[in-house]
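Close look at the chain arrangement
Residues per chain, in single letters:
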Amino acid sequence: MVSIGPIDLDVPVVLAPMAGVTNTAFRRLCREYGAGLYVCEMITARALIERNAETMRLISHHESETPRSVQLYSVDAITVGKAARMIAEEDLADHIDLNFGCPVPKVTRRGGGSALPWKRELFEAIVSSTVKNAGDLPVTVKMRKGIDDDHLTHIEAGRIAEAVGAKAVTLHGRTTHDNYSGTADWSAIGKLKEAVTSIPVFGNGDVWQAEDALRMIDETGVDGVTVGRACLGRPWLFGDLANAFNGSDERHRPGLTEIAKAFRRHAELLVEFFEDENRGCRDLRKHVAWYFKGYGIGGEVRRQLSTISSIEQLDEILATLDHSLGYDAVGVEGQRGRAGSPRRPILPEHWLETRDLTPDQRSNLIEDAADTTGG
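Presented here is a report on the structure given in the accompanying data block.

Cut-offs and rules
- Residues numbered from 1 in each chain as written.
- Predicted model: local features only at pLDDT ≥ 70, side-chain atom pairs only at ≥ 80, totals over all residues.
- Heavy atoms only, no water.
- Helix = DSSP H or I, 4+ residues; strand = E, 2+ residues; numbered from the N terminus.
- Rg over C-alpha atoms; globule rule 2.2 N^0.38 Å.
- Buried < 20%, exposed > 50% of the residue type's maximum accessible area, 1.4 Å probe, protein only.
- Contact = heavy atoms within 4.5 Å.
- Areas by Shrake-Rupley, 256 points an atom, 1.4 Å probe, with all protein chains shown as cover.
- Lys, Arg positive; Asp, Glu negative; His and termini not counted.
- Charge placed at Lys NZ, Arg CZ, Asp CG, Glu CD.
- Pairing = 2+ DSSP bridges.
- Right-handed = clockwise from strand over helix to strand, strands pointing away.
- Polar contact = N/O pair within 3.5 Å; in protein donor to acceptor, adjacent residues only side chain to side chain.
- Expected span 1.5 Å × (residues − 1).
- Phe/Tyr/Trp six-rings, centres within 6.5 Å; stacked < 30°, edge-to-face > 60°.
- Lys NZ or Arg CZ within 6 Å of the ring centre and 35° of its normal.

Glancing now at the overall build of the protein chain. Secondary structure assignment for the protein chain yields 17 helices and 13 strands. Taking 21 Å as the expected radius of gyration for a compact globule of 375 residues, we find that the protein chain reaches 20 Å, a close match to that expectation. Considering only C-alpha atoms, the protein chain reaches an extent of 60 × 45 × 40 Å along its principal axes. For the protein chain, the residues scored as buried account for 58% of the 375 residues in total. For the protein chain, restricting intrachain contacts to residue pairs at least 6 apart in sequence, the fraction spanning at least 24 positions comes to 73%. Surface exposure of the protein chain reaches about 15,100 Å², of which carbon and sulfur atoms provide 46%. Of the side chains in the protein chain, 44 bear a positive and 55 a negative charge, and the two mean positions are spaced by 3 Å.

See below:
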């Protein structure tokens, strides 16, 4: 068991927030297979306190979800403090995670996400403000190694988070420059675990199978793992992880029948979440390639699934599948999602010249924090 403040995790596994994916529908589906901490997709603190309609939808949890976990993004300590207080006072969640790991240019060009820990005082202020305003809710931090190999921040940031009251830290073993390319640096995760000793440390990156999770813990000494891209189209991975941590060799090896069943269940949950059948089915389209990766269903069927607009239409297509197709480890297992290539980090002007914010940078950060677009 691993404890994050008052939250006890029998299975030390966290679902990483993923934009457009980890809404309540997907979280509920994953819970049906296994245990862990399931985090909603990133929301902006400013959008939350201004009660942006889409943000309020994103932060919603089904009554079956417990504990409820929310990830906040902000570049301003005052704003994130208000958001944390709102979550605590209005009982919107049981846990707050802070995003310092996003490498997407639209986030880092504002100085947010994985760019932010480079500014030490700002990082400390944001974590500290969140902790102070969250009341009894545990606050955690998710981050990357740094901006690039010449500008690493994870050890220092981990110690700061620990010192100001964070209840756990998660490290993705890549830099902003790495994006999702190459191989995650598990040695960096191990070094963070050595440096941060009073709170749990979770490792993230290249945990594609349950065996990878066990190997990461064995090699790095971390307390648990965080899983993102590996569960795309594979919500049963959390069942495999639960079995692995409980000492069982049992693993899901789904044939096409089970794939189709999970895909349809996902559709039902999305329709319920959006309260709109057409919108729910349209949102499911992006999951087609993930669910059916490695299964020979044919290009025409894939095209049809990628244009569904109703449950009835979905059922008609699924009925045409060859349900005798079994599990193909070679086609199904391994990396999921786009790895991409390393790319030059997009940062605010003169960002790397000093570890402190310049007056102009501070002004621009405050202005950018007014974004109310939700996630």
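Looking now at unusual backbone geometry. In this structure, the amide linkage connecting Thr-66 to the following residue, Pro-67, adopts the cis form with an omega of -5 degrees. The phi angle at Asn-179 is positive, at roughly 60 degrees, despite the residue not being glycine. Its identity is not glycine, yet Asp-206 carries a phi of approximately 65 degrees, on the positive side. Along the chain, Asp-206 falls in the loop between strand 12 (201–204) and helix 9 (210–220).

So, about the pairing of strand 6 (residues 69–73). Of all five residues in strand 6, five are buried; the element is thus mostly enclosed. Alignment of strand 5 (residues 43–44) against strand 6, held across two bridges, turns out to be parallel. Residue pairing in the sheet places Thr-44 in a bridge with Tyr-73 of strand 6. Sheet topology places strand 6 next to strand 7 (residues 95–100); four bridges connect them, and they run parallel. Looking at strand 7, one finds that Ser-69 is bridged to His-95. Each parallel crossover has a hand, and the one from strand 6 via helix 4 (residues 77–89) to strand 7 is right-handed.

Turning our eyes to something else, we now look at the side chain of Gln-71. With respect to the helices, strands and loops of the structure, Gln-71 is situated in strand 6. Polar contacts involving the side chain of Gln-71 include one to the side chain of Asp-97, which spans 2.8 Å. Within polar-contact distance, the side chain of Gln-71 engages the side chain of Asn-99 at 3.0 Å. Once you skip the residues sitting within four places of it in the chain, Gln-71 turns out to touch Pro-17, Val-39, Cys-40, Glu-41, Met-42, Ile-43, Asp-97, Leu-98, Asn-99 and Lys-142.

As a further point, take helix 4. Taking 1.5 Å of rise per residue, 13 residues should cover 18 Å, and helix 4 covers 18 Å from first to last C-alpha, within 8% of that figure. Listed in full, the buried residues belonging to helix 4 are Ala-77, Thr-79, Val-80, Gly-81, Ala-83, Ala-84, Met-86 and Ile-87. Looking at the buried side of helix 4, the elements it contacts are helix 2 (45–49), helix 3 (53–58), strand 6, strand 7 and helix 6 (120–133). Structurally, the start of helix 4 carries an N-cap: the backbone nitrogen of Ile-78 is 3.4 Å from a side-chain oxygen of Asp-76. Trailing helix 4 by a residue or two, Asp-91 shows a phi angle of about 55 degrees, which is positive.

Turning our attention to the packing of aromatic side chains. Two aromatic rings are characterised by how far apart their centres lie and by the angle between their planes. All told, the structure shown has six aromatic pairs when counted by the stated rule. Centre to centre, the rings of Tyr-33 and Trp-236 are 6.0 Å apart; their planes meet at 70 degrees, and the pair counts as edge-to-face. Linking Tyr-33 in the loop between helix 1 (24–31) and strand 4 (37–38) with Trp-236 in the loop between strand 13 (224–227) and helix 10 (237–245), this pair joins segments that are 203 residues apart in sequence. Residue Tyr-33 is classed as partly exposed on the basis of its relative accessible area, which comes to 23%. With a centroid separation of 5.2 Å and an interplanar angle of 70 degrees, the aromatic rings of Phe-263 and Phe-292 are classed as edge-to-face. Note that Phe-263 is positioned in helix 11 (residues 256–274) and Phe-292 in the loop between helix 13 (288–291) and helix 14 (299–305), a separation of 29 residues in sequence. Classification of Phe-263 as buried rests on a relative accessible area of 0%. For Phe-292, a relative accessible area of 0% translates into the label buried. A network of ring pairs unites the aromatic residues Phe-263, Tyr-291 and Phe-292 as a single cluster. A cation over an aromatic ring shows up here: Arg-144 above the ring of Tyr-180, its NZ or CZ 4.9 Å from the ring centre.

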